[in-house]
Amino acid sequence: MRAQNGLEPFAHRCRVYYEDTDAGGIVYYVNYLKFMERARTERLRHLGFAQSQLAGENLLFVVHSSEARYHSPARLDDELLVSAQVTELNRASLRFTQQVRRFSDNVLLCEGQFLVACVRADNFKPRAIPDALRTAFADEGSAGTHSEQEIKRGS
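We now turn to the structure provided with this report. (Residues numbered from 1 in each chain as written. Predicted model: local features only at pLDDT ≥ 70, side-chain atom pairs only at ≥ 80, totals over all residues. Heavy atoms only, no water.)

### Things to note about the packing of aromatic side chains
Quick reminder of the rule: Only centres within 6.5 Å qualify two rings of Phe, Tyr or Trp (six-membered ring in Trp) as a pair; their planes then separate them into stacked at under 30 degrees, edge-to-face at over 60, and tilted for everything else. Only runs of H or I of at least four residues qualify as helices and only runs of E of at least two qualify as strands under DSSP, and these elements are numbered from the N terminus. Under the scheme applied here, a residue whose accessible area is under 20% of the maximum for its type counts as buried, over 50% as exposed, and between as partly exposed, the area being computed with a 1.4 Å probe on protein chains only. We count a charge as sitting over a ring when the NZ of a lysine or the CZ of an arginine lies within 6 Å of the ring centre and within 35 degrees of the ring normal.
Overall, the coordinates contain 5 aromatic pairs when judged by the stated rule. Ring centres 6.3 Å apart and planes at 90° place the aromatic pair Y29 and Y70 in the edge-to-face group. Of this pair, Y29 sits in helix 1 (residues 29-46) while Y70 sits in strand 2 (residues 59-70), and the two are 41 residues apart along the sequence. Looking at Y29, the relative accessible area reads 48%, which means it is partly exposed. A connected cluster of aromatic rings, assembled from ring pairs, spans Y28, Y29, Y32, F35 and Y70. Here the guanidinium or amino end of R40 rests over the ring plane of F114, the centre of that ring lying 4.4 Å away.

### Examining the nonpolar core
The criterion, for reference: What is meant by a nonpolar core is a set of buried Ala, Val, Leu, Ile, Met, Phe, Trp, Tyr and Cys residues, joined one to another through side-chain atoms within 4.5 Å.
The biggest cluster of nonpolar side chains holds 32 residues, and the ones touching the most others in it are Y32, F61, L80 and F137. Taken together, the elements giving at least two residues each to this core come down to helix 1, strand 2, strand 3 (79-83), strand 4 (85-89), strand 5 (93-102), strand 6 (108-120) and helix 3 (131-139).

Structure representation (structure tokens):
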């Protein structure tokens, strides 16, 4: 899994614990969403932005919509690699494409897309993604195309 610009894509490493599984030792489907949420948070941290710091600056990221496809089950004690690639960077939102793979054999277990909106913490209204964060994503070479509306606005 290599990025087109030659940089390794971001991946968060985690382990499946008993609490993540059902009675059969298989990861319960909703827990893949938790793994992907953690990877998005760690992606921000990797770029130098902590969620707590952003909240203090009146900025929150909230999931607007999500889509997940399950391919193969993860099991108790599996080590996972969870990617978090920004494929679309808009004025007030990001689209992440994510994959959960088993570390030992690189098997794709789950993949998803998440539209994440940037909002003001005090009233939950949309706000522009700060330039520093936008630049960090762009410099890492991970951002996809802007929406047609943004291109028309010259963003």
